[in-house]
Amino acid sequence: MDTEEFRKWSKAAADWSADYRATIAELPVRSQLAPGDVLKRLPQNPPTHGEDFANIFADFKKMVPDGITHWQHPRFFAYFPSNASLPSVIAEQLIAALSPQCMLWQTSPVATEMEMRMLEWLAQMCGLPADWHGSIQDSASNATLAAVLTARETALDWTGHRDGLANKPQLRFYTSIHCHSSANKAIWLAGIGEVNLVVVPCRDDGSMDPAALRTAIASDRAAGYLPTGLFAIVGSTSIGISDDLRAIGEICRTEKLYAHVDAAWAGSATLCPEHRHLLDGLELFDSYVFNPHKWLGTNFDLSAHYVREPEKLQRTLATHPAYLKTQHASSMPDFSNWSLPLGRRFRALKLWFVIRCYGIEGLQTIIRNHINWAQQAAAEFAAQPDFELVAGPNLALFVFRHTPAGLPAAQLNTHNAAMLDAINAAGFTYLTQTDVDGTYALRFQVGHTDTTLEHVLDSVKHIIKLAKQVTDS
Ligand SMILES: *Cc1c(COP(=O)(O)O)cnc(C)c1O
């Protein structure tokens, strides 16, 4: 493809993208394809000769959109959001054209320095500790893994990298039942072993019980284990529970645990001062992650990872092969030393476009609307005689279920699973499920950048109507 053809087709792609986003609300939210449908459409063998791009683009239009679950649909209320506001999509187009590999400062100074400044902006916007240092990770999962590795090596005085973990003290990490599965995975990958992830009991509000944490650490020390790290949660994935960071953080400081806060979804809400209390005590922790790619308009992937002591993170993750040495020592960071993969995309441009395009006030308004509308939707369900709230609303997330009169309690879980199937097969809106102490419940989160109150309330009405049909059938 030459640059003139590229000009033509990238304009066609931009036009297609604008039409797609303008009409997305008419599409079924969850892809209605069956397993294998896409495979049937794709030839078994790759082409021997290059094809005309016009054919390729025509096939894209024919074969791809109905296989997409439309995460950018304004009636997408499943999982957590995966925002891709239009300015961030434009940034992504430009990043693809530039396609720098930004592992070192010198491999693209603007990527490193814009990343520094954008993470300073985010820290100001969310009231994070002013002396912390941020970098962009590809995902919260990898930021959490980086935190576990840093915790491990800090506890072992960086001898784990050299010697492996055999003949070392047994390291212990602490969390609650509400932590995300990425913490468990990080524990596996770091060689800690899941038996050493201690699940501390919670208080009635679902937050980790500080007294129980103290007890768990003391009994581990008495048994010869080495208490090493902790995961706290702000905005749990299932129901939006948050830990009391100050109470937990004080224990971590006294006990010298390396403590990490996962606020992948809820972190964006702290853009609004009225939600900053969620991070009260954060300065007592060592590491913090939240995902602008969830709820801050910035398309996947972009996780903001902050650490109190960047030297520890770098000492854990930096490598120094001859082929990566730079001629002149730079006063600027080489961010590949802060993250797991060597290669890094130019992600900061997305934040630069989004934050400037919406401004702090614009982003605050979006978040406040989502939270307000989720509360209205929850109230609508709660007001129905045959629906009940199971948890929340916590920020813009609540969990509910259908409890039709006369249906035996033992059948409610299967009934609500059938409800979920009916909702998602209808395609008008999209929800996912969770389990709350054995109760099968439906999750509803409001988080798409362009969702309106009407999208939310139309979906509530639709679900209430469908529930009657499912019950009568
Ligand atoms: C979504 C989520 C994650 C995982 O985020 P990735 O960026 O996809 O790795 C981790 N923790 C919580 C609480 C989440 O909600």
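Reading the values: the criteria
- Residues numbered from 1 in each chain as written.
- Predicted model: local features only at pLDDT ≥ 70, side-chain atom pairs only at ≥ 80, totals over all residues.
- Heavy atoms only, no water.
- Helix = DSSP H or I, 4+ residues; strand = E, 2+ residues; numbered from the N terminus.
- Rg over C-alpha atoms; globule rule 2.2 N^0.38 Å.
- Contact = heavy atoms within 4.5 Å.
- Areas by Shrake-Rupley, 256 points an atom, 1.4 Å probe, with all protein chains shown as cover.
- Salt bridge = Lys/Arg side-chain N within 4 Å of Asp/Glu carboxyl O.
- Buried < 20%, exposed > 50% of the residue type's maximum accessible area, 1.4 Å probe, protein only.
- Pairing = 2+ DSSP bridges.
- Axes fitted to C-alpha atoms, helices over the stretch in contact; angles between N-to-C directions.
- Right-handed = clockwise from strand over helix to strand, strands pointing away.
- Near = heavy atom within 4 Å.
- Polar contact = N/O pair within 3.5 Å; in protein donor to acceptor, adjacent residues only side chain to side chain.
- 1 Å grid on protein atoms, 1.4 Å probe; cavity = no way out; pocket = protein on both sides within 12 Å on 5 of 7 lines; lining within 4 Å.
- Sits in = over half its atoms within 2 Å of the grid points.
- Phe/Tyr/Trp six-rings, centres within 6.5 Å; stacked < 30°, edge-to-face > 60°.
- Expected span 1.5 Å × (residues − 1).
- Disulfide = S-S within 2.5 Å.

Caption draft 1: Inspection of the overall build of the chain at higher detail. Tallying secondary structure elements over the chain gives 15 helices and eleven strands in all. Rg of the C-alpha trace for the chain: 24 Å, near the compact-globule value of 23 Å for 473 residues, within the 12% margin. Projecting the C-alpha coordinates of the chain onto the three principal axes gives extents of approximately 65 × 60 × 45 Å. A separation threshold of at least 6 residues defines the contact pool for the chain, and within that pool the share at least 24 residues apart is 74%. When the accessible area of the chain is evaluated, it comes to approximately 21,800 Å², of which 55% is carbon and sulfur surface.

Caption draft 2: Representation of the pattern of salt bridges in the model. Counting across every chain of the model gives 23 salt bridges. Residue Arg152 pairs with Glu153 through a salt bridge whose shortest N-O separation is 2.9 Å. Here Arg152 matches Glu153 in class, with each residue buried. Each of Glu92, Asp301, Arg345, Arg347 and Lys350 takes part in a single network of salt bridges with overlapping partners.

Caption draft 3: View of the sheet that holds strand 1 (residues 133-137). Taking strand neighbours across the sheet as the criterion, the seven strands line up as 1-7-6-5-4-2-3 in an open arrangement whose pairing is mixed. Looking at which strands have only one partner, the edges of the open sheet turn out to be strand 1 and strand 3 (197-199). When strand polarity is set aside, the average angle formed by the axes of neighbouring strands in this sheet is 20 degrees.

Caption draft 4: Region of interest: the pairing of strand 5 (residues 258-262). With respect to burial, strand 5 is a largely interior element, five of its five residues being buried. Covered by surrounding structure in strand 5 are Tyr258, His260 and Asp262 together with Ala259 and Val261, the residues of both alternating faces. In this fold, strand 4 (residues 226-233) hands off to helix 10 (residues 245-255), which returns the chain to strand 5; that crossover is right-handed. Bridge count for strand 5 against strand 6 (residues 287-290) is three bridges, and the pairing is parallel. Residue pairing across strands places Val261 opposite Tyr288, the latter belonging to strand 6.

Caption draft 5: Representation of the sheet that holds strand 11 (residues 439-445). Ordered by their spatial adjacency, four strands build an open sheet running 8-9-11-10, and the pairing between neighbours is antiparallel. Looking along the sheet, the strands with just one partner apiece sit at the ends: strand 8 (387-394) and strand 10 (432-436). Between one strand and the next, the sheet's axes are offset by a mean angle of 35 degrees, whatever the strand orientation. Looking at chain direction, strand 8 and strand 9 (residues 397-402) are connected through five bridges and run antiparallel. Residue Leu389 lies in a different strand from strand 9, and its bridge partner there is Phe400.

Caption draft 6: Broad picture of the site of the ligand. Taken together, 14 residues form the shell around the ligand, and within it Ala140, Ser141, Asp262, Asn291 and Lys294 come nearest. Here an oxygen atom of the ligand sits 2.9 Å away from a polar atom, N or O, in the side chain of Asn291. Here Lys294 contributes a side-chain N or O atom positioned 2.8 Å from an oxygen atom of the ligand. Here the ligand, which alone exposes 390 Å², has 88% of that area covered by the protein. Here the ligand is seated within the second largest pocket.

Caption draft 7: Just the packing of aromatic side chains, in detail. Tallying each qualifying case throughout the model produces 24 aromatic pairs. Centre to centre, the rings of Trp16 and Tyr20 are 5.1 Å apart; their planes meet at 10 degrees, and the pair counts as stacked. With a gap of four residues between them, Trp16 and Tyr20 both fall in helix 1 (residues 3-23), about one helical turn apart. Judged by relative accessible area, which is 18%, Tyr20 ranks as buried. Taking the centre distance of 4.5 Å and the plane angle of 15 degrees together, the rings of Phe77 and Phe444 count as stacked. Residue Phe77 is found in the loop between helix 3 (53-63) and helix 4 (86-98), and its partner Phe444 is found in strand 11; the two are separated by 367 residues along the sequence.

Caption draft 8: Summary view of helix 5 (residues 109-126). Along its 18 residues, helix 5 runs 26 Å from first to last C-alpha, staying within 8% of the 26 Å computed at 1.5 Å per residue. Within helix 5, burial applies to Ala111, Thr112, Met114, Glu115, Met118, Leu119, Leu122, Ala123, Met125 and Cys126. Turning to helix 5, the residues buried within the fold contact strand 1, strand 6, helix 11 (292-295), strand 7 (303-307) and helix 13 (348-383).

Caption draft 9: Expanded view of the state of the cysteines. Applying the stated criterion across every chain, the model contains zero disulfides. The thiol sulfur of Cys272 is not disulfide-bonded, and the nearest other cysteine sulfur, from Cys126, lies at 9.0 Å. According to the relative accessible area criterion, Cys272 is buried, its value standing at 0%.

Caption draft 10: Looking closely at the environment of Ala263. The topology assignment puts Ala263 in the loop between strand 5 and strand 6. Under the relative-accessibility criterion, Ala263 is labelled buried at 0%. The residues touching Ala263, leaving out its near neighbours within four places in the chain, are Val234, Tyr288, Val289, Phe290 and Asn291.

Caption draft 11: Region of the structure containing the side chain of Glu153. Among the structural elements, Glu153 can be located in helix 6 (residues 140-155). Classification of Glu153 as buried rests on a relative accessible area of 0%. Of note is the side chain of Glu153, whose polar atom sits 2.9 Å from the side chain of Arg152. Discounting residues that sit within four places of it in the chain, Glu153 has contacts with Trp158, Thr159, Gly160, His161 and Thr316.

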